[in-house]
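# Observations on chain architecture
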Amino acid sequence: MSLEIFAFFTLLSFLTSLLTSIFSVGGGLIMLVALAQSFSPGTLIPLHGAIQLSNNLSRTFVYKEFFNWSLIQNILISTVFGAFGGILLFGNISEEILIWLIAATILFFTWAPLDNFILSVMRNDWFCGFISGFAGIFIGANGPLVTAYMRTKNLSPEVLVANHGAVMIFQHTIKIILFIYFFSFSLKEYIFFIFILAIAGYAGAVIGKRLISKISYDSFNIFLKLLLSFLALLLIM
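Scope of this entry: the structure provided in the associated data block. (Residues numbered from 1 in each chain as written. Predicted model: local features only at pLDDT ≥ 70, side-chain atom pairs only at ≥ 80, totals over all residues. Heavy atoms only, no water.)

This next bit is on the side chain of glutamate 158. Along the chain, glutamate 158 turns up in helix α9 (residues 157-183). No salt bridge is formed by the buried glutamate 158. Its closest oppositely charged neighbour is lysine 209, at 8.5 Å. In this structure, glutamate 158 is in contact with Tyr63, Phe66, Ile212 and Ser213, ignoring residues within four places of it in sequence. (Helix = DSSP H or I, 4+ residues; strand = E, 2+ residues; numbered from the N terminus. Buried < 20%, exposed > 50% of the residue type's maximum accessible area, 1.4 Å probe, protein only. Lys, Arg positive; Asp, Glu negative; His and termini not counted. Salt bridge = Lys/Arg side-chain N within 4 Å of Asp/Glu carboxyl O. Contact = heavy atoms within 4.5 Å.)

The subject of this paragraph is the packing of helix α8 (residues 143-151) against α9. Viewed as axis vectors pointing N to C, α8 and α9 meet at an angle of 140°, and their least axial separation amounts to 10 Å. Relative to α9, α8 is oriented oblique. As for the relative orientation of α8 and α9, their crossing is right-handed in sense. Across the interface between the two elements, Gly143, Val146, Thr147, Met150 and Arg151 of α8 pack against Leu160, Asn163, His164, Val167, Met168 and Gln171 of α9. Looking at side-chain class alone, the contact of α8 with α9 contains five nonpolar, five polar and one charged residues. (Axes fitted to C-alpha atoms, helices over the stretch in contact; angles between N-to-C directions. Parallel < 35°, antiparallel > 145°, perpendicular 65-115°, else oblique. Left-handed = near helix turned anticlockwise from the far one by under 90°. Nonpolar A, V, L, I, M, F, W, Y, C, P; charged D, E, K, R; others polar.)

With 65 residues, the main nonpolar core has Phe9, Leu47, Ile51 and Ile106 as its most contacted residues. Here isoleucine 51 is in contact with Met31, Leu35, Phe193, Ile194 and Leu197, once residues within four sequence places are set aside. (Core = buried A, V, L, I, M, F, W, Y, C linked by side-chain atoms within 4.5 Å.)

Let us now look at the packing of helix α7 (residues 125-139) against α8. Two numbers describe a pair of packed helices, the interaxial angle and the distance between the axes. Between α7 and α8, the shortest axis-to-axis distance is 10 Å and the interhelical angle comes to 170°. Taken as axis vectors, α7 and α8 run roughly antiparallel relative to one another. Where α7 approaches α8, its residues Asp125, Cys128, Ile131 and Ser132 are matched on the opposing element by Leu145, Val146 and Tyr149. Partitioning the contact of α7 with α8 into residue classes produces five nonpolar, one polar and one charged.

A word on unusual backbone geometry. The phi angle at asparagine 154 is positive, at roughly 55°, despite the residue not being glycine. The topology assignment puts asparagine 154 in the loop between α8 and α9. One non-glycine residue, serine 184, lies in the positive phi region at around 55°. Structurally, serine 184 can be placed in the loop between α9 and α10 (191-212). Classification of serine 184 by relative accessible area gives exposed; the value is 62%.

So this is what it looks like as structure tokens:
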């Protein structure tokens, strides 16, 4: 890997971590698109998972006082079942169809009225954990799906960022373990690369926390909805 590419991803890790530390979403998908230009699919998803794992560790640590176990415990349990189902079907399901379904679900969670009957059925932790755990195996950047779901809980920005980060830590960890076991992915080849990006990501998380308090809840909610919509459309482009 050239020095220029290394420097580019280091800067990108800082910027995407900064974005995600404010809005809980966006950085993972941007990083995935960038990594896809330099790495093969078999390496892309677990490597992206490892980078995002380190950035989410930073974000959750920085926002640790807002962590609430009861908000995410059922999501984590159902994630295991979704991820195992995904790894067993990896390569046997059309990625294009899955991406369209995920994008549609993100848009539905984002814009459907909270009293919508279908949303009330879908809006439960078990559904969120299973579908996001399953999708993470195939498309890597499943963070927008979790954010779109957690947004319906009317959480404060800090609580959303902290607990979304905790969910992502668990989901990325499961994904990496499964890819190592089933596809012999070698994480040690990229340890230094991941470490440097983790440092940059931590700096982004710290600055993001300082900025988040300057944004009103209404402004945060409007921008988050627009950002989620953009990311859903980016998935299918």
